Structure formats: structure tokens, C-alpha cells
Amino acid sequence: MIETMILQPAVALMIWTMIMWAWMYATRIPAMNKAPDIEEPAKLVGTTGSELRSKLPEKVNWKADNYNHLHEQPTLFYAVTVVLALIGAGDGPNALLAWIYVGLRIAHSLVQVTANKVMVRFVLFALSSVVLTALIGKAALILLV
């Protein structure tokens, strides 16, 4: 029986990712328009993110960094939530762990895009990694043992 409760935090993290996308552009586009090194942002051709990074304030870049981070490790989270839902283990403790993971990732985002304190970010990332590892371990125990 498919247990979809665990998909709620997955969708919540997807929503959060799009909030970060909007926040990134809400700060990045005005910063590009104000940047003295960028004459006409609409006419930029072939510029990579790394080239643009040096022309924008770090506080603006933090949002882009976080948006990118939300496309890295969370891909494993999305996969394990689908696996747990499909094998009927997406409720109870697993759903709670998924919500904890999402909460930690949102906290990580908020720290990164505001104060960007590396040690605070690291602790939040490490804790979320432990939670994600637990979810993957639970899926592995059910499927591989």
C-alpha cells in the first residue's frame, strides 16, 4: 500500500526551493541593474555565474548559492521519500524524520541567505545529513534485508 504522508514534506521542500528561486531573482536582478561593472544586464551574452559573482554583492550571491544547494543533497531526499511512500513506509517516524529534514534545510537556507555564519550552516547541514542518512538506512533495511 502506498503511504503518501511522507510526500508532504517533499512537496514542502519543493515549495521552499521555489521561494528561494524567487528571492534570488528579487535580489539579483536589481543588483545587476545597479552594478557598476555591468553596463546593460539585458545584453549580457555568455556570462557564467562565476563571472557574474564577482560583480555582485556577496549578500546577493548567498541566495544563488543556497538555491544551488537546494538542488544538490535534497535530490536524495526526494528519491528516498518516493521510495518510502511506494513501499508503504511513508508514515509515522519516517514522515516525522522527513519533516525534520525539511525544517533543517529551511533553517540552513535562512542562515545562509541572511548572516551566512559558516559554523551554524555546517551544524544544520550535518544534522540534516544525519536525518537523511537515517531515512536512506530505513529504506535500505526494508528493501535490502
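Just above, that's the structure.
For clarity, every value in this text was computed on a predicted model and none was experimentally measured.

1. Focus: the nonpolar core
Then step 1. Judged by nonpolar contacts, the single largest core of 24 residues is most densely connected at Ile 6, Leu 13, Phe 77, Val 80, Leu 84, Tyr 101 and Leu 135.
Then step 2. Every element with two or more residues in this core is listed here: helix H1 (7–34), helix H4 (74–86), helix H5 (92–113) and helix H6 (118–144).
Then step 3. Among the elements that take part in this core, H5 stands out by supplying seven residues, more than any other.
Then step 4. Residues within four places of Leu 84 in sequence aside, it is in contact with Ile 6, Ala 89, Gly 90, Asn 94, Leu 135 and Ala 139.
Then step 5. Ala 35, Leu 52, Leu 56 and Val 60 belong to the second-largest nonpolar core, a separate cluster that totals seven residues.

2. Observations regarding a nonpolar patch on the surface
Then step 1. Together, Ile 2, Val 82, Val 83, Leu 86, Ile 87, Leu 141, Ile 142, Leu 143, Leu 144 and Val 145 give the surface a local cluster of nonpolar side chains, amounting to about 980 Å² of exposed area.
Then step 2. Secondary structure elements with two or more residues in the nonpolar patch: H4 and H6.
Then step 3. Broken down by element, the nonpolar patch gets its largest block of residues, four residues, from H6.
Then step 4. Relative to the elements of secondary structure, Ile 2 occurs in the segment before H1.

Quick notes on the rules
- Residues numbered from 1 in each chain as written.
- Predicted model: local features only at pLDDT ≥ 70, side-chain atom pairs only at ≥ 80, totals over all residues.
- Heavy atoms only, no water.
- Core = buried A, V, L, I, M, F, W, Y, C linked by side-chain atoms within 4.5 Å.
- Buried < 20%, exposed > 50% of the residue type's maximum accessible area, 1.4 Å probe, protein only.
- Helix = DSSP H or I, 4+ residues; strand = E, 2+ residues; numbered from the N terminus.
- Contact = heavy atoms within 4.5 Å.
- Patch = residues over 30% accessible without salt bridge, like charges linked within 9 Å, V, L, I, M, F, W, Y side chains within 5 Å.
- Areas by Shrake-Rupley, 256 points an atom, 1.4 Å probe, with all protein chains shown as cover.
- Salt bridge = Lys/Arg side-chain N within 4 Å of Asp/Glu carboxyl O.

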